[in-house]
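# Fold and geometry: a report
Spelled out from the first residue to the last, the chains are:
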Amino acid sequence: MKLDQICFRTSHLEQSWTLDAYRQVGGYQVLENLLKNKMRPEEILEQVKNSALRGRGGAGFPTGLKWSFMPRRMPGEKYIVCNSDEGEPGTCKDRDILRYNPHQLIEGMIIAGYTIGAGTGYNYIRGEFYEPIERFEAALKEAREAGLLGKNILGSDFHFELHTHIGAGAYICGEETALLESLEGKKGQPRYKPPFPAGYGLYGRPTTINNTETLASIPVILQYGGDWFHEIGTQNNGGSKIFCMTGHVNKPGNYEVPLGTPFSELLELAGGVRDGNSLKAVIPGGTSTPVVPGDKMLQLDMSYDGIGKGGSMLGAGSVIIMDEKTCMVKALKRIAYFYYEESCGQCTPCREGTGWLYRVIKRIEEGQGKQEDLDRLVNVAENINGNTICALGDAAAAPVMSFIKHFRDEFQYHIDHGHCMEHTG
Amino acid sequence: MTEMLLTGPKEGLFTETLREQMDTWIAKYPAGQAQSAVIPCLHILQAANEGWLTTAIMDALASYLSIPAISVYEVATFYTMFELSPVGKHKISVCTNISCMLCGSEKVMQHIEQKLNIKPGQTTEDGLFTLKEVECLGACVGAPMMLVDKQYHEFLTEDKIDDILDRLNS
C-alpha cells in the first residue's frame, strides 16, 4: 500500500471492489479487533480526533468533534447516515469509492455506528449512480453473508444494520438536513438548524451524517493510528484527500494525495494545462467555492487552511481548471444557471435571487448588458448571502462575487463591446 | 408494458412482482416509516410503465404506502429523474455543467440535436429517444459525458456518440 492512498488503497488489485480484495489490504481487521477487545468508543473517538480528519463533503468540519455531539448513551434508535449524493459540479470521487472500494465505506460505517451508538445506517446514493449502487449493494450482500452486518456481528453483542437508499435527482439533497427529509420520503427542503441532527435527525432521532470519503477514511485511521493519519497531511488538516482534476487539464482524473500538497504538483500530476496553454483560473473546491486567479493558485497548498489563505475553500476537492481561452462570463453564466435550477424554492432570497443572477449574467454574455448590471449582480449576491436556511444561497453568491472581483475587466468588456474578449469564448 | 392494477385493496395493487420489489425497500425502514420508500418505489413503478408516471400510479402508490396522495405528488414533481409525461424508449441525459462545458459539451449536445432532429426536452417522432439537458452527474473526470438509460458514457466524441445511438437504433 502506498502510504498516501487511503480511500483508493485497493486500487492496485484486480476486482478491487470485492471482499477478497479488501481483505488483502487488511480490510475488516480493525472491526474484528475492536469487537474482540471490546474497545471503548471513547478510545476510537480519541483516535479520530487525533487524526484531524475533516469532513470531505465540502464543509471541512472536524469529524471527531461531530461524532462527539452524539448522545451515545441515550436509549432508543440512533442513526449513521452516509452522504453519497455527490452532485457538486466538478466532484466525482465518491462515485469511485463506491465503485472500486465499497467495503471500506461499509467498515467505516459499522465502526461509526459502534462509536456513536447507532444501530442502523443508511447510505444515501444519488439515483443516477446505477453502477455504484449495484457495487455497493453487492458489497453489502457479501458483508452480510460474512457476518459483518446484522445481529451479533462476528459473535459480539453488537448489532448493526446497513441499507442503501436512493435519490432521484436533486442537488439540494446533498445538504444534510435536506438529505434527511429526502430519506423520510419528502421533498428535499433543508431544515432550520438548530436543532442539529445529533439531537433531532432522521425520524427525529439522534443522527450523524458524514460524507462517503470521510467514512471510508475511518478504517485506515484506526488501523495505523490517528497521529499517523494526521502526519500525512498538515497541522489540523489530517490525511490524504481525493482531488478531482477536471476541465482544461491533459490528464483529468481523481488523484489522492496528502493534504498540503502544492497545487502546482497536483496540476503536474494531472498532466498540466491542456495544449500547453497558460492557467487562467481555478475553482478549487467545486462551483460553490470562490474562483482563484491562476497565478495566485500556483502559490497555494491543497489543504483546508492553505486554500483558505487564497480567499477560497477546499470544498470537496473538486478542482476545476480553466485555461487562458476560457470566457469567464460564459463560465459564470453556466454556474449561475445551476443554482437557479437547483434552488429548492423554500427561501425567497435564493429562489428569486438565483433567477436574477442568471438572467443578468445571461444578458451580459449575450451582449445586452447595461453598465449598472455589475453592481446589481454584486448587490443581489450580497442579499442572498447569509439570508437563507441552508448554504445553497451562499454557494450561489460566492461564484458571482469572486468572478466579478477577479475578472471584472472581462465583464466590463462584454458590456462595452457586446462580445467576448479576444482569444476567449 | 406490465399490466398494473391501480385500484382496489392495497394487497392486490400493481403486480405481485412489483409489490415484492417495493416491499424489499419498505422493509429497510422502521415500522410506520413506509413513506421513506416513496422514491425507490417511484423508480420501480416508472421503470415498469415505459419510463413515466401517471396520476393513477401515484395515487395507487399513496394507497399502498398508506400516505396522502399529495405526499407522492410532491416527491414526483420535486426530483428531476421522475417523468410526468410520456418519454422515448431511451432517455439521453447530457451534462452541460461547468466541467463538461469546458470539455465541449455544447458540441455534444449540438451533435445529438442534429442527429436526432430534436431539442432538449423533446422526443423523436418514432418514440425511440428523449433528449434532456441535465446538471452535474458526478463523472466530471470523464467529461464530456452523458447518461443513456442506466449507462454512463464518458470522454464523448462525435464518433462515440454515433456508435452508442446507432446501436440503440438497430
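An unreviewed UniProt entry annotates chain B as NADH-quinone oxidoreductase subunit E of Methylophaga thiooxydans DMS010. Recorded in UniProt for chain B, the comment headed Catalytic activity (unreviewed entry) runs: "a quinone + NADH + 5 H(+)(in) = a quinol + NAD(+) + 4 H(+)(out)". Under the heading Sequence similarities (unreviewed entry), UniProt records this for chain B: "Belongs to the complex I 24 kDa subunit family."

For chain A, an unreviewed UniProt entry supplies the name NADH-quinone oxidoreductase subunit F and the organism Methylophaga thiooxydans DMS010. Comment text from UniProt for chain A, heading Catalytic activity (unreviewed entry), reads "a quinone + NADH + 5 H(+)(in) = a quinol + NAD(+) + 4 H(+)(out)".

## Focus on the UniProt feature "binding site: [2Fe-2S] cluster" (unreviewed entry) in chain B
All names here are of chain B. If you check UniProt for "binding site: [2Fe-2S] cluster" (unreviewed entry), the listed places come out as Cys95, Cys100, Cys136 and Cys140 in our numbering. These residues run over 46 residues, yet every pair of their C-alpha atoms falls within 9.3 Å of each other. Those annotated residues from the list above that line the second largest cavity are Cys95, Cys100, Cys136 and Cys140. Among the structural elements, Cys100 can be located in helix H5 (residues 98-102). Apart from the residues lying within four places of it in its own chain, the contact partners of Cys100 are Cys95, Ser105, Ala143, Pro144 and Met145. Mapped onto the elements, Cys136 comes out in the loop between strand E2 (129-134) and strand E3 (146-148). What makes Cys136 buried here is its relative accessible area of 5%.

## With respect to the environment of Asp23(B)
Its place among the elements puts Asp23(B) in helix H1 (residues 16-26). A sequence separation of 18 residues divides Asp23(B) from Cys41(B), and the C-alpha atoms of the two residues are 8.9 Å apart.

## Let's talk about helix H8 (residues 176-183) of chain A
Since one α-helical turn is 3.6 residues long, residues separated by three or four positions face the same way. Counting buried positions over the 8 residues of H8(A) gives 8, a clear majority of the element. Turning to H8(A), its buried residues number three or more, namely Glu176(A), Thr177(A), Ala178(A), Leu179(A), Leu180(A), Glu181(A), Ser182(A) and Leu183(A). The inward-facing, buried residues of H8(A) contact helix H4 (63-68), strand E1 (79-84), strand E2 (120-125), strand E3 (161-166) and strand E4 (207-211) of chain A together with helix H2 (38-48) of chain B. Positioned one or two residues after H8(A), Gly185(A) has a phi angle of 90 degrees, which is positive.

## A few points about a nonpolar patch on the surface
Residue and element names in this part refer to chain A. Residues Phe61, Leu65 and Phe69 make up a contiguous nonpolar surface patch of about 270 Å² in total accessible area. With respect to the helices and strands, the residue Leu65 is situated in helix H4. Relative accessible area serves as the criterion here: at 36%, Leu65 is assigned to the partly exposed category.

## With respect to the side chain of Lys132(B)
Residue and element names in this part refer to chain B. Within the element layout of this structure, Lys132 appears in strand E2. Polar contacts involving the side chain of Lys132 include one to the main-chain carbonyl oxygen of Thr80, which spans 3.2 Å. For Lys132, the contacting residues outside a window of four places in its chain are Thr80, Glu83, Lys91, Ile92, Ser93, Val94, Met109 and Gly121.

## Some details on empty space enclosed by the protein
For the coordinates displayed, the defined rule picks out 2 cavities of 30 Å³ or more. Here the largest cavity defines a volume of roughly 70 Å³. If you go around the largest cavity, you meet 13 residues; those closest to its centre are Cys344(A), Cys347(A), Cys350(A), Cys390(A) and Leu392(A). Of the residues assigned to the lining of the largest cavity, the class counts are 8 nonpolar, 5 polar and no charged. Of the pockets and cavities examined, the second largest cavity occupies roughly 50 Å³. As for the second largest cavity, its lining consists of Gly90(A), Cys95(B), Asn97(B), Ile98(B), Ser99(B), Cys100(B), Cys136(B), Leu137(B), Gly138(B), Ala139(B), Cys140(B) and Met145(B). A total of 3 residues in the lining of the second largest cavity trace back to one element, the largest contributor, which is H5(B). For the lining of the second largest cavity, the residue count by class is 8 nonpolar, 4 polar and no charged.

## As for the sheet that holds E4(A)
Residue and element names in this part refer to chain A. A sheet is described by the order of its strands in space; here 4 strands give the open sequence E3-E2-E1-E4, paired in parallel fashion. Lying at the two open borders of the sheet, with one neighbouring strand each, are E3 and E4. Taking the axes of each pair of neighbouring strands and ignoring which way they run, one obtains an average angle of 20 degrees across the sheet. Pairing geometry for E1 and E4, over 5 bridges, is parallel. Bridging across to E4, Tyr79 finds its partner in Thr207.

## A look at the sheet that holds strand E5 (residues 240-247) of chain A
Taken together, the 5 strands give an open sheet; going across it, the order is E6-E5-E11-E8-E9 (chain A), and neighbouring strands pair in mixed fashion. Looking at the sheet topology across the chains shown, the edges are occupied by strand E6 (253-258) and strand E9 (292-293) of chain A.

Reading the values: the criteria
Residues numbered from 1 in each chain as written. Chains lettered and ligands numbered in written order. Predicted model: local features only at pLDDT ≥ 70, side-chain atom pairs only at ≥ 80, totals over all residues. Heavy atoms only, no water. UniProt positions renumbered as here; feature names shortened; annotations may be inferred. 1 Å grid on protein atoms, 1.4 Å probe; cavity = no way out; pocket = protein on both sides within 12 Å on 5 of 7 lines; lining within 4 Å. Helix = DSSP H or I, 4+ residues; strand = E, 2+ residues; numbered from the N terminus. Contact = heavy atoms within 4.5 Å. Buried < 20%, exposed > 50% of the residue type's maximum accessible area, 1.4 Å probe, protein only. Patch = residues over 30% accessible without salt bridge, like charges linked within 9 Å, V, L, I, M, F, W, Y side chains within 5 Å. Areas by Shrake-Rupley, 256 points an atom, 1.4 Å probe, with all protein chains shown as cover. Salt bridge = Lys/Arg side-chain N within 4 Å of Asp/Glu carboxyl O. Polar contact = N/O pair within 3.5 Å; in protein donor to acceptor, adjacent residues only side chain to side chain. Points joined across faces, edges and corners; volume = space filled by probe spheres on them. Nonpolar A, V, L, I, M, F, W, Y, C, P; charged D, E, K, R; others polar. Pairing = 2+ DSSP bridges. Axes fitted to C-alpha atoms, helices over the stretch in contact; angles between N-to-C directions.

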